[in-house]
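Letter by letter, the chains look like this.
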Amino acid sequence: MNTLKRHFSLIIPLLALLFSLESIVLVNRAISMKEDRLSQSYSILLASQQKLSLETISQTIAQAKSLTPINPDFLLERLKQNMSEANVSAIKKDLPFFYSLKLAIFPNQKQLEAINQTLLKIPSIQKVEAFSKTHNQVYRLLFLIKLNVWIFASLIALLSILLIIRQIQIWRFEHSKRMEIMGFLGAPMWIKNGILFRLAIIDSVITSICILGGTFYLSTLSSFQELIEALEIQGSIFEFGTDFLMLLGTSVGISVFSVLVVIISQRRS
């Protein structure tokens, strides 16, 4: 019972730490995929006195992906209801060329403003409609979600590390007599404190497996799949092999670091 309690005392803060880390990773992946999706549907409308080509736009806008001409006939059809054919033909001759410009990225506010200003500097372009208000609302929402997750996860991680260090201090106190005897016998630091490193690494492996198992279970839930589909996120946000290595490396690194912090603090005292 004492052994289980000893392990749970470190596993619980490690679970909180790795959960916060995995949350950041999953949210960042989801937002990145959402931005890719938005970049495919987002376009900038251009009105030009002369015909344009993608090569011409790419010379000034490196993020340009495609340039599609827009046929204005659907607008003229509406005018035909209230105007004569001759007037409609005259208007058609004076109409500029309309294009839909798609970008390879989902730009942030500064990038969109820079792209807008650069397009207006092209002599033949009369008007640029970037739908900046709608774009900025979407971008700010995604940025706010990412920022809140980072802040919340960082606070949890900081508190978890403090709890991990506190638990290792308790372990060291429990094994202090054996460590003193080993120190009198001339044992090096890593052998004298071997029990601390061993317990920390074992709990790190157990915690990493638990978080990975929880993530896998989450991926199988139909409600979660429906949420992903509702957000129109293409692809899977789960990379179990990569995530396990990241979780294991982080948990072992934090645990070993915490052990070293406790050892150094005890030496100075």
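Details of the structure are given in the entry above.
Residues numbered from 1 in each chain as written. Predicted model: local features only at pLDDT ≥ 70, side-chain atom pairs only at ≥ 80, totals over all residues. Heavy atoms only, no water.

Enquirer: Describe the overall build of the protein chain, and please don't skip the residues or the numbers.
Expert: When you go through the protein chain residue by residue, the secondary structure sums to 11 helices and 4 strands. When the 269 residues of the protein chain are sorted by exposure, 35% land in the buried category. (Helix = DSSP H or I, 4+ residues; strand = E, 2+ residues; numbered from the N terminus. Buried < 20%, exposed > 50% of the residue type's maximum accessible area, 1.4 Å probe, protein only.)

Enquirer: Tell me about the nonpolar core, residues and numbers included.
Expert: Counting 18 residues, the largest nonpolar core has I44, L46, I57, L101, L119 and I125 as its most contacted members. Mapped by element, the contributors of at least two residues to this core are β1 (43-48), β2 (64-70), β3 (97-103), α5 (109-120) and β4 (125-129). With residues near it in sequence (within four places) discarded, L46 still touches L52, I57, L67, F97, F98, Y99, L101, L119, I125, K127 and V128. Ranked by size, the runner-up nonpolar core spans 17 residues in total, among them L10, I164, I165 and L199. (Core = buried A, V, L, I, M, F, W, Y, C linked by side-chain atoms within 4.5 Å. Contact = heavy atoms within 4.5 Å.)

Enquirer: Can you lay out the pattern of salt bridges for me, pointing to particular residues and giving the numbers?
Expert: Oppositely charged side chains can form a pair if their charged atoms are brought close together. Taken as a whole and assessed by the stated rule, the structure comprises 2 salt bridges. Across the pair R29 and E239 runs a salt bridge, and its minimum N-O distance is 3.6 Å. One end of the pair, R29, is in helix α1 (residues 2-41); the other, E239, is in the loop between α10 (222-230) and α11 (240-268), with 210 residues separating them in the sequence. Between D243 and R29 there is a salt bridge; the shortest N-O distance is 2.6 Å. Separated by 214 residues along the polypeptide, D243 in helix α11 and R29 in helix α1 bring together distant segments of the chain. Since its relative accessible area comes to 1%, D243 is described here as buried. The class of R29 is buried, set by a relative accessible area of 15%. Linked through salt bridges whose partners overlap, the residues forming this network are R29, E239 and D243. (Salt bridge = Lys/Arg side-chain N within 4 Å of Asp/Glu carboxyl O.)

Enquirer: Report on the environment of D243, specifying residues and quantitative values.
Expert: Between the C-alpha atoms of D243 and L26, which are 217 residues apart in sequence, the distance is 9.7 Å. With residues up to four places along the chain from it excluded, the contact list for D243 reads E22, V25 and R29. At a separation of 2.6 Å, a polar atom in the side chain of D243 contacts the side chain of R29. (Polar contact = N/O pair within 3.5 Å; in protein donor to acceptor, adjacent residues only side chain to side chain.)

Enquirer: Can you tell me about the sheet that holds β4, naming the residues and giving the values?
Expert: An order of β2-β3-β1-β4 is seen for the 4 strands of this open sheet, with the pairing classed as antiparallel. The open sheet has two free edges, formed respectively by β2 and β4, since each of these has just one partner strand. Here the strands of the sheet are splayed against their neighbours by 25 degrees on average, with no regard to which way each runs. Two strands pair when backbone bridges link them, and β1 and β4 are joined in this way by 4 bridges, in the antiparallel orientation. Its bridge partner lying in β4, A47 is registered against K127. (Pairing = 2+ DSSP bridges. Axes fitted to C-alpha atoms, helices over the stretch in contact; angles between N-to-C directions.)

Enquirer: Outline the environment of L46, listing residues and values.
Expert: When you line up the elements, L46 lands in strand β1. Considered as a pair, L46 and L67 are 21 residues apart in the sequence and their alpha carbons are 9.6 Å apart.

Enquirer: For the packing of aromatic side chains, give the residues involved together with the corresponding values.
Expert: Considering all chains together, one arrives at 5 aromatic pairs under this definition. Centre to centre, the rings of F224 and F238 are 5.6 Å apart; their planes meet at 50 degrees, and the pair counts as tilted. One end of the pair, F224, is in helix α10; the other, F238, is in the loop between α10 and α11, and 14 residues separate them in sequence. Since its relative accessible area comes to 11%, F238 is described here as buried. Taken together, the ring pairs connect F216, F224, F238 and F240 into an aromatic cluster. (Phe/Tyr/Trp six-rings, centres within 6.5 Å; stacked < 30°, edge-to-face > 60°.)

Enquirer: So what about α5? Which residues, and what values?
Expert: In a regular helix each residue adds 1.5 Å, so 12 residues correspond to 16 Å; α5 covers 17 Å between its end C-alpha atoms and thus fits that length. Inspection of α5 places L112, I115, N116 and L119 among the buried residues, and these make up the whole buried set. Taken down its axis, α5 places every buried residue within 100 degrees of arc, on the same side. Across α5 from its buried face, at more than 90 degrees, point the exposed residues K110 and E113. Among the residues of α5, the N-terminal cap falls to N108, whose side-chain oxygen and the backbone nitrogen of K110 are separated by 3.2 Å. (Expected span 1.5 Å × (residues − 1). Arc of directions from axis to C-beta.)

Enquirer: An account of a nonpolar patch on the surface is needed here, citing residue identities and associated values.
Expert: Side chains of F143, L147, I151 and L155 sit close together on the surface and give an oily, nonpolar patch of about 390 Å² of accessible area. Structurally, L147 can be placed in helix α6 (residues 132-174). Residue classification places L147 among the partly exposed positions, given a relative accessible area of 36%. (Patch = residues over 30% accessible without salt bridge, like charges linked within 9 Å, V, L, I, M, F, W, Y side chains within 5 Å. Areas by Shrake-Rupley, 256 points an atom, 1.4 Å probe, with all protein chains shown as cover.)

Enquirer: Summarise the environment of G213; cite the residues concerned and give the values.
Expert: Position of G213 among the secondary structure elements: in helix α9 (residues 194-220). For the pair formed by G213 and F240, sequence separation is 27 residues and the distance between their alpha carbons is 9.4 Å.

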